[in-house]
Amino acid sequence: MMFKPSSPLFSGLLWKIPWRISAPQKARQRKRLRAVDRVVDTVSAALARNGQMAKPVTRWFNEMPREEEMLPKDKYTIFDKKEKKYRKGIHKLPKWTRVSQRVNPPGF
Amino acid sequence: MSYFRITLVRSAIGLPRRTTDVLKALGLKKRMATVFHAVSPSVAGQIMKVKELVEVQEVDKRLTKQEVHLERKPDPGYYIEKTSGVEYHENRRA
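We now turn to the structure provided with this report.

What counts, and where the lines are drawn
In this convention, every chain numbers its residues from 1, walking through the sequence in written order. Whichever chain is written first is A, and whichever ligand is written first is 1; the rest continue in order. In keeping with the predicted nature of the model, local features appear solely for residues at pLDDT of at least 70, side-chain atom pairs appear and are counted solely at 80 or more, and the whole-chain, interface and lining totals rest on all residues. Residues are defined as contacting one another if the C-beta atoms placed from their backbone atoms lie within 7 Å. Secondary structure follows DSSP: runs of H or I at least 4 residues long count as helices, runs of E at least 2 residues long count as strands, and numbering of each begins at the N terminus. Note on residue classes: Ala, Val, Leu, Ile, Met, Phe, Trp, Tyr, Cys and Pro are nonpolar, Asp, Glu, Lys and Arg are charged, and everything else, Gly too, is polar. Following DSSP output, two strands are said to pair if at least two bridges run between them. To get an axis, a line is fitted to the C-alpha atoms, and for a helix only the part in contact is used. The angle between two axes follows their N-to-C directions and goes from 0 to 180 degrees. Working definition: the nonpolar core is a set of buried Ala, Val, Leu, Ile, Met, Phe, Trp, Tyr and Cys residues, joined through C-beta atoms within 7 Å. Think of it as a crowd count around each C-beta: if 20 or more other C-beta atoms lie within 10 Å the residue is buried, if 12 or fewer it is exposed, and in between it is partly exposed, with C-beta placed from the backbone throughout. Working definition: the arc comes from the directions between the helix axis and the C-beta atoms, pointing outward to the latter.

**Details of the interface of chain B and chain A**
Thinking step 1. Contact with chain B, which involves 19 residues of that partner, is made by 20 residues of chain A.
Thinking step 2. In terms of residue count, helix H2 (residues 41-49) of chain B provides more of the side of chain B that touches chain A than any other element does, five residues in total.
Thinking step 3. Here the side of chain B that touches chain A is composed, by residue class, of ten nonpolar, five polar and four charged.

Now the structure itself:
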């Protein structure tokens with residue numbers, strides 16, 4: 001095996017998150033957003049058929065945009081007050097593949 | 001009476017304790033586990049807590065664990081031959 005010396009391999013704990021998110025990562029992010037939309041749609045349709053309602057479901061529909069309604073800016077970046085233009089890649093958010101982060105402060 | 005068919009597709013490792021607790025309350029102990037719950041607002045609320053981790057379908061009937069397993073079981077690729085007498089009696093009974 002060829003050993004390629006690089007900073008993460010040479011020193012101890014050093015791993016960096018690239019500043020930008022790749023195209024396949026974006027595609028998977030869209031897929032996950034749609035999967036969450038699908039779950040909420042299924043739940044709300046099932047409740048409606050039984051003539052019931054649930055507060056978290058109605059709240060989700062009132063507050064959260066769907067995948068196709070979201071701007072690319074909100075899909076792939078997140079507000080951060082410490083960043084130069086108040087935005088950083090969503091992949092910097094801890095557990096970003098398993099949390100719903102759809103809305104950002106208005107105006108940013 | 002319809003049911004939610006809930007399958008855990010992503011694990012809750014590293015997520016807040018409450019997320020794990022909700023999965024436990026739903027009866028989802030490991031990834032790809034499937035449970036059935038009657039459609040109700042309380043179950044809907046539980047699903048909403050873990051919506052990023054599960055897949056949900058609305059079904060009419062709850063299946064047993066064996067039935068869920070058989071859905072995933074592949075074709076064995078062979079069949080056992082029977083004598084004509086056995087086959088005749090089986091077809092007669094059916």
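From this point, the narrative continues.
**A closer look at the sheet that holds strand E2 (residues 34-38) of chain B**
Residues and elements named next belong to chain B.
Thinking step 1. Strand order in the open sheet formed by three strands is E2-E1-E3, and the pairing between neighbours is antiparallel. At either margin of the open sheet sits one strand with a lone partner, and together these are E2 and strand E3 (54-59). Between one strand axis and the next, the sheet turns by 25° as a mean value, whatever way the strands run.
Thinking step 2. Where strand E1 (residues 3-8) lies against E2, five bridges are found, and the strand directions are antiparallel.

**Observations regarding the nonpolar core**
Thinking step 1. Counting 21 residues, the largest nonpolar core has A:Val43, B:Ile6, B:Ala44, B:Ile47, B:Val54 and B:Val56 as its most contacted members.
Thinking step 2. Mapped by element, the contributors of at least two residues to this core are helix H2 (23-49) of chain A together with E1, helix H1 (17-26), H2 and E3 of chain B.
Thinking step 3. Looking at this core, the element that brings in the most residues is H2(A), giving five residues.
Thinking step 4. Beyond its immediate stretch of four places on either side in the chain, B:Ile6 contacts B:Leu26, B:Leu28, B:Thr34, B:Val35, B:His37, B:Ile47, B:Val54 and B:Val56.

**Re H2(B)**
Think of an α-helix as turning once every 3.6 residues; residues three or four places apart then point the same way.
Thinking step 1. Among the residues of H2(B), those classed as buried are B:Val43, B:Ala44, B:Gln46 and B:Ile47. Each buried residue of H2(B) sits inside an arc of 160° when the element is viewed along its axis, so together they form one side.
Thinking step 2. Contacts from the buried residues of H2(B) go to H2 and helix H3 (55-63) of chain A together with E1, H1, E2 and E3 of chain B.

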